[in-house]
Structures are given as C-alpha cells and as structure tokens.
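# Tertiary structure, described
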Amino acid sequence: MYIANHPTITTNKGLRPTYVEVDLGRLTDNYKAIQSKVGDVTVMPILKANAYGHGLVEVAKHMATLDVKQLGVAYLEEALLLREAAIQLPIFVLGGILDSQVPMFLEHDLTLAASSLEKLKQVDEAAEAMGKRAKVHLKIDTGMERIGVHYYSAESLLEASLKCKHVEIEGIFSHFANADAADLSSARLQIERFEEVLDFYERRSVPTPLRHMANSGAILQLPESYLDIVRPGILLFGVYPSHEVQQTVAVQPALSWKSTVVYFKVVKPGHPVSYGSTWESDHNVRVVTVPVGYGDGYFRSMSNKAEVMLSGKRYPVVGRVCMDQFMVNIEWDSAYNGDEVVLVGEMEGERITVEDLAAWAGTIPYEVLTNINTRVPRVYI
Ligand SMILES: *Cc1c(COP(=O)(O)O)cnc(C)c1O
C-alpha cells in the first residue's frame, strides 16, 4: 500500500484521515471484462485527467503489468508525466496540439493526433529537422464538431499523409458524440461516415492504418464500431457512461472515497448548521463533522442533498458543504471521533456510487471522478 502525492509515506496511518482507495484488482477485472467483450481487438486504456481521478502514474504502472499495448491520454503534459515515471509503453495523446509542442512528442516518442493538413505538414517538417520519424493518428470528425478534419473533406488529408516521408501514419480515428445514448441513430451515422472515409485506402489499394472510434458507450452498445482498437475510459474504472446505456459488460467501481469523524456535537433546535444557515433541526440531534469539502472536490451543490455512510448506515449531509469540512446528521445514533465515513464505496452491504453523487450534484459521474482533488491522497490495494 502506498500513497501518490506523498511518496515517502507508505501507509495512510497518521496522515490525512481522508483518502481515495483504488482497488487495482478491480481495474484488472474490468480490463479483462472489456477485453473479453471485444475479442481480438486491441484495448487502449484512456488515462486522461489523472486516470479519471484514480492516479495517472499508479494506474499506468498497473496497466503495464497487464498485456496492455498502448495507453491514451488527453494532453502532452500527461504523457510527459508517464515518461518521467519510466512508463515505456506507446502513449497516444488524443487531444489537439500546438506547433510548439511537436518537438516534445518526437523527443519522448509519443504518438500524436494530426487533426488538420497543416498540422500534419508541420509534424513532417519537424520530424525531418530532428532526424526522427513521427508516429501519427489522423483525426476525422464524423459528427462531434470538435478537433479533426470533417469526414466530407478528409480525402486531401489522407492523400497528403501518403506523401509524408518522416511520419508513420499508424492510425486513423474518430470520436462519438452519442454512443452512450438509448437512441443510437446518430452514432450509427458516425460509423457510416467513418467507413466512407476509410474506403479511400481500398480505392487507392494502400494498407489501412489502425482504425478506432469506440469509447465506453460504443464498447457497450456498438460492436460494429470496434474496428482495430477500442478506447475505454470510464468503463475501465467500473462506472457506466450514462443511465440509459446497455450494461453489456459487467464492471465494478474501483474507487472508494473515505474519511473519518473528527468532531461530534449535539445541535439544538433553532441553531442552524454551517454557512448561510440553510438547515436546522426541530429537535436535538447529534451532528458529526467530516474533514472533506469542496476544496477536495466534494461539490458544494450537494449541500443538504448528499448522504454518507457510518457503521453501514446512510445519513444526510446537512447545511452547506464548506471548503474543508461538512456536517452529517446522525439523529440520535452514536458515533465517535475516528469512526470511518464512506463518501463513495461500500460498507456492510450498503453502497454509495459516483452516480449517486452525480445526481446530488446535478452532473455526470465523469465530473465527480475527475474533480476529486490531488489534495486527497490515493491509496492502492
Ligand atoms: C475521453 C475519451 C475517450 C474515453 O471516453 P469514455 O467515455 O470515458 O470511455 C475515448 N476517446 C477520446 C477521443 C476521448 O477524448
């Protein structure tokens, strides 16, 4: 057991009483469940945004112990952190890049996304100047209207890519806007558009680069989109991308978020709790304080809505969530300083999920996970 951000401390004893616990065994199981769903297709784990809050470097190191062939991240900086941590695996940076970043990609052997003709040419020139060969995936926009060349004008990019002398066109990819929806018509249209673009290679009788477009939603719902590589993010961490998505792969959440009671008091009627005095009881209640707040990523919008677990029982968060603390009404039950409080996770058969937090906060599970601040130590089991 060790803690990211506190590399010299090997257990959580005496440290901050609040921590995120990541179950690496569950990550393994989720990865294997996804791999068995997609068969022979390559699974590229997407570890952007601190591996969806689970800890970028530690999760990457764990992935490297499985038979993972390539990792994906969003930003150059994330890829550089992985290289600094001596991760040798191929790393694909999904996002848009600036010209000034191109030499860093080449220097650290990172794979980049070419999302326009100009970018591709710059990469080719930079690679020539540095005497290197750039590894590139072409980005095709089939309906997201984010980065990438539109499917209806992709031919010139593909044509130009055949002429680049210092670039290896390893892949070609697109991204879904609605693969986690109940209505899959727009996702299917995106697949058709991507297939049209890919026809280019057959018409020209040149080898097709590795094709990919499936995120978690598509892995669950659109086997026809698997192609050569799939790119699961949230599903790998055991969370489904939406309420309506078909849960065709069984996964389990890898993350728990825990803290301990640090204070206990009796609160009388007429004595409201926390900033803004938004909650008060009409009878005497026992209220405990938990040392977690919105400064850790426990959303303030969950004030008077969220629940936590103590001794396997759910209790409501009362009053406003502060930056570093929040209060819980345990009515007349007992609790002691040092008692465990579960914010996300399981306790004696009860479970609070990131979906619950997302509902209380009016957001999606992705935002709940990626908002857990680096101030919260990560513990790996
Ligand atoms: C984030 C991202 C993914 C993974 O998305 P999930 O919905 O978490 O599976 C895949 N591809 C791209 C381009 C992304 O930006």
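The preceding data block contains the structure.
Residues numbered from 1 in each chain as written. Predicted model: local features only at pLDDT ≥ 70, side-chain atom pairs only at ≥ 80, totals over all residues. Heavy atoms only, no water.

## Brief notes about the environment of Gly362
Among the secondary structure elements, Gly362 is positioned in the loop between α10 (354–361) and α11 (365–371). Exposure remark for Gly362: the relative accessible area of 66% places this residue in the exposed category. The spacing of Gly362 and Phe299 is 63 residues in sequence and 9.8 Å in space, taken between C-alpha atoms. (Helix = DSSP H or I, 4+ residues; strand = E, 2+ residues; numbered from the N terminus. Buried < 20%, exposed > 50% of the residue type's maximum accessible area, 1.4 Å probe, protein only.)

## Quick look at the pattern of salt bridges
On inspection of all chains with the given rule, the structure shows 16 salt bridges. With its nearest N and O atoms 3.0 Å apart, the salt bridge here joins Arg203 to Glu155. Highlighted residues: Arg203 in helix α8 (residues 185–203) and Glu155 in helix α7 (residues 155–163), separated in sequence by 48 residues. On the basis of relative accessibility, which here comes to 43%, the residue Glu155 falls in the partly exposed class. Of the charged contacts in the structure, one is a salt bridge between Asp356 and Arg314, with a shortest N-O distance of 3.8 Å. With Asp356 in helix α10 and Arg314 in strand β16 (residues 313–318), the pair connects residues that are 42 residues apart, well separated along the chain. The partly exposed category is assigned to Arg314, whose relative accessible area is 28%. Residues participating in the shared-partner salt-bridge network are Arg16, Asp296, Asp324 and Arg375. (Salt bridge = Lys/Arg side-chain N within 4 Å of Asp/Glu carboxyl O.)

## Focus on a nonpolar patch on the surface
On the surface, a nonpolar cluster with roughly 280 Å² of combined accessible area is contributed by Phe264, Val266 and Trp332. For Phe264, a relative accessible area of 31% gives the class partly exposed. (Patch = residues over 30% accessible without salt bridge, like charges linked within 9 Å, V, L, I, M, F, W, Y side chains within 5 Å. Areas by Shrake-Rupley, 256 points an atom, 1.4 Å probe, with all protein chains shown as cover.)

Purely spatial values, then, with no claim about function.
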